[in-house]
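Take a look at the letters that make up each chain.
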There are 2 protein chains.
Amino acid sequence: MTSIGIVSPQSMHFAEPLQLQSGATLADYTLVYETYGTLNAERSNAVLVCHALNASHHVAGYYLNDKGEKNIGWWDNMVGPGKPLDTDKFFVIGVNNLGSCFGSTGPMHTNPATGKPYGASFPVVTVEDWVDAQARLADRLGITQFAAVMGGSLGGMQALAWSLRYPERLRHCVVIASTPKLSAQNIAFNDVARQAILTDPDFHGGDFYAHGVVPKRGLRVARMIGHITYLSDDDMAEKFGRDLRAGKYQFDFGVDFEIESYLRYQGDKFSEYFDANTYLLITKALDYFDPAREHGGDLSKTLAHTQAQFLLVSFATDWRFAPPRSREMVQALVNNKRKVAYAEIDAPHGHDAFLLEDPRYLRTVRTYYEQVWQQLRKEAA
Amino acid sequence: MTSIGIVSPQSMHFAEPLQLQSGATLADYTLVYETYGTLNAERSNAVLVCHALNASHHVAGYYLNDKGEKNIGWWDNMVGPGKPLDTDKFFVIGVNNLGSCFGSTGPMHTNPATGKPYGASFPVVTVEDWVDAQARLADRLGITQFAAVMGGSLGGMQALAWSLRYPERLRHCVVIASTPKLSAQNIAFNDVARQAILTDPDFHGGDFYAHGVVPKRGLRVARMIGHITYLSDDDMAEKFGRDLRAGKYQFDFGVDFEIESYLRYQGDKFSEYFDANTYLLITKALDYFDPAREHGGDLSKTLAHTQAQFLLVSFATDWRFAPPRSREMVQALVNNKRKVAYAEIDAPHGHDAFLLEDPRYLRTVRTYYEQVWQQLRKEAA
């Protein structure tokens, strides 16, 4: 297994307006994306990889900066030559979502209607809006049907939305560490994070770009909250426990415990690069995702609209999107006699496990894609 | 069962300095407290009730404001005539802890050394410091030995600290929904809350009193985070689910979901009355509590120093201080051949359950105190 090596992002502009779920319209937009591997002659081996909250189109391979340091893709252990999603076989696309801060049109870009940054006026986008925008990219790349659409967490929601919105355009749907909808507790955590940003005096109602400031305090707290929910209680206990930075209590409000140091560092780092409006938009997309809503909450009825085959994976210690959320989807798919494979991985790393090296997890995904590949070869023969 | 009726707080000044765990000294201080019932001639029926994070000495009965509205004590369902802790039998004391914002000496009071409010210079106090201050109050009230010391959550830590620090001064120790130490995840939540306060520009390094402002934004976020951890996921799902305030998505960052409305309301209310320095101090006392620390983490060795009999109660859906934390204490007490009763209540309300009406829970405590009372009567006879 080797890395894809150095990769570079591409971008595509879409001049036709995008109708959004909210009723608003995005006049035009650009999507930034990366591709790995080669699209075959039948155009049948494309896999779309959807990203989660703070990730991007940079799924695999790496960029090199001026100092020769590697910026490695967020799912590089999953995607590459000889890796579970094997780029020697599949043509893999990573695409940055609308509203993001990594290149695709977002709140920091100029609103053509005003000549100023969108800021707070960037429309609230949904998982379904992202999928619609991705579908247009697929059109332009000449991909009528994906071999698979795949994602973890919020990315898994996009894969699921693909299976519902464009059922004939994907043969396989890979949904990892995800959920068909957020719980009240999930929404609560998102809302506290948003409140931290919205009430930061440097937020300026979302128009902080014009003020030359960044609501770092809010972003920092938001990230710290998020991070707690990504790790399991056990994993935190294992990694940090009650370890003290200086071996004894300081009796002040600086750093006492290693866990404090770790979280503050994560918060600081995040607040340096992430956009506050993007954070609001993405958490809102998470909150709103609930495809069963228009079917009276009946997930079986909802998933009757799918045509794909499914792989679902959940992680035992993920308390953000715990295994029962995946089992609910599996059950609803089984109720519809869909082909579905499901693995529940007993990993200690909480929600973050979907990004980490776990041999059982990676083997599960590898085996699934090997079958997808065999299927393609059989049909081509 | 009736209410104690109208109650009023008393206060006691302590002129002798209090040596704190940090090495600092509090020159003098005042404790505000309430008592209910009558101390018997033998002075043997006193029960000390210790409070948790945002509570106070106002345990039971009520105050009446100018409009005739009742301000009811935080454990009024537990303490009163004919109630589980029966004030017809016991003399109950509620005392406000040092550093609080409800009357006892705290950061908003004048530092005699400077003539200005303590603010950030109020010393970091520990559970053990509180217990030492409470012991002096007991001395002044002429109580050599309590029939019981009791508390829930942080209050339970105080009861446990009493059993270790003054083993001969309590016959029973009642520890509800508590833990012998915080986990990394518990500390993480506390630290995010503190960071929200510390980075609020209105905090002014703790000296906001002088600036005529209050760091409400930070307090609000802190309370919202705390509140999520007090409720169970199931309870939130049951009470709020994904219910929408206006029946449909708003596509903005106002209130969409009922859970958002609830949490923001709780945060707003809290930020109106709670002191930011107190919040920092109390969460730090929580983080620091770890009596086994000086015994190499061995809880059995630690609890060998107790002499009291114990009642412990935990709640199945409490994920803040989950039942295994109580079981750990029970096991350590059993290892020391201490008399210990333990109830694990299958209540759906998370950590907050210790404040709520649950017949099984209240019956458990009632039965325990009836035995304490029988013991006292037998000895008096």
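Residues numbered from 1 in each chain as written. Chains lettered and ligands numbered in written order. Predicted model: local features only at pLDDT ≥ 70, side-chain atom pairs only at ≥ 80, totals over all residues. Heavy atoms only, no water.

Draft legend 1. The interface of chain B and chain A, seen in detail. Counting residues at the interface gives 57 residues for chain B and 57 residues for chain A. Across the interface of chain B and chain A, roughly 4,800 Å² is buried in total on both sides, 66% from carbon and sulfur atoms. Contact with chain A buries area across many residues of chain B, yet R242(B), F251(B) and F253(B) alone supply 17% of it, more than any other trio. Inspection of the chain B/chain A interface yields ten salt bridges. Note that D256(A) is salt-bridged to K284(B), the shortest N-O span being 2.8 Å. Where chain B packs against chain A, one counts 21 residue pairs in polar contact (both at pLDDT 80 or more). Secondary structure elements with two or more residues in the side of chain B that touches chain A: helix 3 (184-198), helix 5 (216-230), helix 6 (233-239), helix 7 (258-273) and helix 8 (276-288) of chain B. Sort the elements by how many residues they give to the side of chain B that touches chain A and helix 3 of chain B lands first, with eleven residues. (Contact = heavy atoms within 4.5 Å. Buried area = accessible area lost by both parts, 1.4 Å probe. Salt bridge = Lys/Arg side-chain N within 4 Å of Asp/Glu carboxyl O. Polar contact = N/O pair within 3.5 Å; in protein donor to acceptor, adjacent residues only side chain to side chain. Helix = DSSP H or I, 4+ residues; strand = E, 2+ residues; numbered from the N terminus.)

Draft legend 2. Geometry of the relation of the copies chain B and chain A. For the pair chain B and chain A, the best superposition has an RMSD of 0.0 Å and corresponds to a rotation of 180° with a translation of 0.0 Å parallel to the axis. The symmetry that links the two subunits is that of a two-fold axis. (Least-squares fit on C-alpha atoms with pLDDT ≥ 70 in both.)

Draft legend 3. Expanded view of the sheet that holds strand 15 (residues 309-315) of chain A. Residue and element names in this part refer to chain A. Here we have eight strands laid out as an open sheet, ordered 1-4-10-5-13-14-15-16, and mixed in their pairing. Here the strands that pair on one side only, and so sit at the sheet edges, are strand 1 (10-14) and strand 16 (340-345). Sheet twist, expressed as the average angle between the axes of neighbouring strands with direction ignored, equals 20°. Sheet topology note: the strand 5 (residues 46-50)/strand 10 (residues 91-95) ladder contains four bridges and is parallel. Each bridged residue has a counterpart across the sheet, and for V47 the counterpart in strand 10 is V92. (Pairing = 2+ DSSP bridges. Axes fitted to C-alpha atoms, helices over the stretch in contact; angles between N-to-C directions.)

Draft legend 4. Examining the sheet that holds strand 16 (residues 340-345) of chain B more closely. Residues and elements named next belong to chain B. Pairing in this open sheet of eight strands is mixed, and the strands run 1-4-10-5-13-14-15-16 from one edge to the other. Pairing within the sheet leaves two strands with one partner each, and these edge strands are strand 1 (10-14) and strand 16. Across the sheet, the axes of successive neighbouring strands diverge by a mean angle of 20°, strand direction being ignored. Sheet analysis places strand 1 next to strand 4 (residues 29-36), joined by five bridges and oriented antiparallel. In the sheet register, F14 faces strand 4, and the bridge partner there is Y29.

Draft legend 5. Layout of the packing of helix 1 (residues 127-140) of chain B against helix 2 (residues 154-165) of chain B. Residue and element names in this part refer to chain B. The N-to-C vectors of helix 1 and helix 2 enclose an angle of 70°; their axes lie 9 Å apart at closest approach. Between helix 1 and helix 2, the crossing angle belongs to the class labelled roughly perpendicular. Handedness of the crossing formed by helix 1 with helix 2: right-handed. Contacts between helix 1 and helix 2 pair V127, E128, W130, V131, D132, Q134 and A135 from the former with L154, M157, Q158, A161, W162 and R165 from the latter. (Parallel < 35°, antiparallel > 145°, perpendicular 65-115°, else oblique. Left-handed = near helix turned anticlockwise from the far one by under 90°.)

Draft legend 6. Geometry of the pairing of strand 10 (residues 91-95) of chain B. Residues and elements named next belong to chain B. The element strand 10 is largely enclosed, with a buried count of five among its five residues. Neither face of strand 10 is left uncovered, since the one carrying F91, I93 and V95 and the one carrying V92 and G94 both have all their residues buried. Relative to strand 10, strand 4 runs antiparallel, the two sharing four bridges. When the bridges of strand 10 are listed, Y33 appears paired with V95. (Buried < 20%, exposed > 50% of the residue type's maximum accessible area, 1.4 Å probe, protein only.)

Draft legend 7. Representation of the packing of aromatic side chains in the model. Residues and elements named next belong to chain B. Counting across every chain of the model gives 51 aromatic pairs over all chains. Ring plane angle 35° and centroid distance 6.2 Å describe the contact between F102 and Y273, whose orientation is recorded as tilted. Taken together, the residues span a long stretch of sequence, with F102 in the loop between strand 10 and strand 11 (110-111) and Y273 in helix 7 at a distance of 171 residues. By relative accessible area, F102 is classed as partly exposed at 27%. When the ring of F203 is compared with that of F208, the centres are 5.9 Å apart and the planes differ by 35°; the resulting orientation is tilted. There is no split in this pair, since F203 and F208 are both buried. (Phe/Tyr/Trp six-rings, centres within 6.5 Å; stacked < 30°, edge-to-face > 60°.)

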